[in-house]
Amino acid sequence: MEAMELKLWLPKPLYRRLEQTACLAKCDVQEFILSMLEMALPPPPDDLTPEMAADLAPWVLLDDETLRAIADAFLPPRQQRRFTTLLRREETRRLSTREGEEWEGLKRASLRISQNKAKVQFILNQRMQERRAKGKHG
């Protein structure tokens, strides 16, 4: 594998943490950093468009716990109840202008949550596959 040299300045407390953790893992600091970077940044699948890859890029910086919290997110209960109410009203009658605007806003919020869930689930799945592959090879 071709390698590139990188000079990196780290705060001393961070370096000490890296050094301690690498020692516990029985490897050197460089090997540990490379391992962490590979785990945090798995290669994107070949079928991912450049736009999709760019959209996912900021999300890979989040840790698994944060990603799982996003994956478990829903509209707040009050908004979810209002969403359901407006959905039923919209199916049976025409909504007022104010209700229509509220309905559109809730649909956008719900769609945004769904899109975020899909993104973080994709990243979590990629990380799990990477960890499994490392377990088989490492």
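Structure first, text after, so check above.
Asks: Can you walk me through the overall build of the protein in this structure?
Replies: In terms of regular secondary structure, the protein is built from six helices and zero strands. Tracing the protein from N to C terminus, the helices and strands come up as α-α-α-α-α-α. Computed over the C-alpha atoms, the radius of gyration of the protein is 22 Å, more than 25% above the 14 Å expected from 2.2 N^0.38 for a compact globule of 138 residues. Counting only C-alpha atoms, the protein reaches 65 × 35 × 30 Å along its principal axes. Across the 138 residues in the protein, those meeting the buried criterion constitute 20%. Of the roughly 11,100 Å² of accessible surface on the protein, a fraction of 57% belongs to carbon and sulfur atoms.

Asks: Please explain the side chain of arginine 127 as it appears in this structure.
Replies: Within the secondary structure layout, arginine 127 lies in helix α6 (residues 97–137). Its relative accessible area of 4% is what places arginine 127 among the buried residues. Within the structure, the side chain of arginine 127 is placed 2.8 Å from the backbone oxygen of leucine 62, a separation counted as a polar contact. Looking at arginine 127, its side chain comes within polar contact range of the side chain of aspartate 64, at 2.6 Å.

Asks: Can you walk me through helix α1 (residues 12–24) in this structure?
Replies: One turn of an α-helix holds 3.6 residues; hence residues three or four places apart share an orientation. The end-to-end C-alpha separation of α1 is 18 Å, in line with the 18 Å expected for 13 residues at 1.5 Å each. Positioned one or two residues after α1, lysine 26 has a phi angle of 55 degrees, which is positive.

Asks: I would appreciate a short explanation of the layout of surface pockets in the present structure.
Replies: Where empty space is left becomes clear once a probe the size of a water molecule has been rolled over the atoms. Size it by volume and the largest pocket reaches roughly 520 Å³. Taken together, 15 residues make up the lining of the largest pocket; nearest its centre are Met4, Leu6, Gln30, Ile33 and Leu34. Residue composition of the lining of the largest pocket, grouped by class: 11 nonpolar, one polar and three charged.

Asks: What exactly am I supposed to notice about helix α4 (residues 64–71) here?
Replies: Taken as a whole, α4 has its buried residues at Asp64, Leu67 and Ala71. Here the buried residues of α4 occupy an arc of 60 degrees about the axis, which is enough to place them on one side. Away from the buried face of α4 by more than 90 degrees, exposed residues Glu65 and Ala69 are located. Put simply, aspartate 63 is the residue that caps the front of α4, since its side-chain oxygen is 3.1 Å from the backbone nitrogen of glutamate 65.

Asks: Looking at this structure, how should I read the nonpolar core?
Replies: Formed by Leu48, Leu56, Trp59, Val60, Leu67, Ala71, Val120, Ile123 and Leu124, the largest nonpolar core amounts to nine residues. Within the residue set of this core, elements represented by two or more residues are α4 and α6. Looking at which element gives the most residues to this core, the answer is α6, with three residues. Not counting the four nearest positions on each side in its chain, leucine 56 is found in contact with Leu48, Lys119, Phe122 and Ile123. The next biggest cluster of nonpolar side chains, apart from the first, holds seven residues, and it includes Leu75, Leu95, Trp103 and Ala109.

Asks: Could you clarify how one ought to interpret the pattern of salt bridges in this entry?
Replies: Two side chains that carry opposite charge are able to pair once their charged atoms sit near each other. This model, assessed by the stated rule, comprises nine salt bridges. Arginine 89 is the partner of glutamate 99 in a salt bridge, and the nearest nitrogen-oxygen pair spans 2.6 Å. With glutamate 99 in helix α6 and arginine 89 in helix α5 (residues 77–92), this pair connects stretches of sequence that are 10 residues apart. Given a relative accessible area of 8%, glutamate 99 falls into the buried group. Its relative accessible area of 28% is what places arginine 89 among the partly exposed residues. Where salt bridges share partners, they join Asp64, Arg68, Arg127 and Arg131 into one cluster.

Criteria and thresholds
- Residues numbered from 1 in each chain as written.
- Predicted model: local features only at pLDDT ≥ 70, side-chain atom pairs only at ≥ 80, totals over all residues.
- Heavy atoms only, no water.
- Helix = DSSP H or I, 4+ residues; strand = E, 2+ residues; numbered from the N terminus.
- Rg over C-alpha atoms; globule rule 2.2 N^0.38 Å.
- Buried < 20%, exposed > 50% of the residue type's maximum accessible area, 1.4 Å probe, protein only.
- Areas by Shrake-Rupley, 256 points an atom, 1.4 Å probe, with all protein chains shown as cover.
- Polar contact = N/O pair within 3.5 Å; in protein donor to acceptor, adjacent residues only side chain to side chain.
- Expected span 1.5 Å × (residues − 1).
- 1 Å grid on protein atoms, 1.4 Å probe; cavity = no way out; pocket = protein on both sides within 12 Å on 5 of 7 lines; lining within 4 Å.
- Points joined across faces, edges and corners; volume = space filled by probe spheres on them.
- Nonpolar A, V, L, I, M, F, W, Y, C, P; charged D, E, K, R; others polar.
- Arc of directions from axis to C-beta.
- Core = buried A, V, L, I, M, F, W, Y, C linked by side-chain atoms within 4.5 Å.
- Contact = heavy atoms within 4.5 Å.
- Salt bridge = Lys/Arg side-chain N within 4 Å of Asp/Glu carboxyl O.

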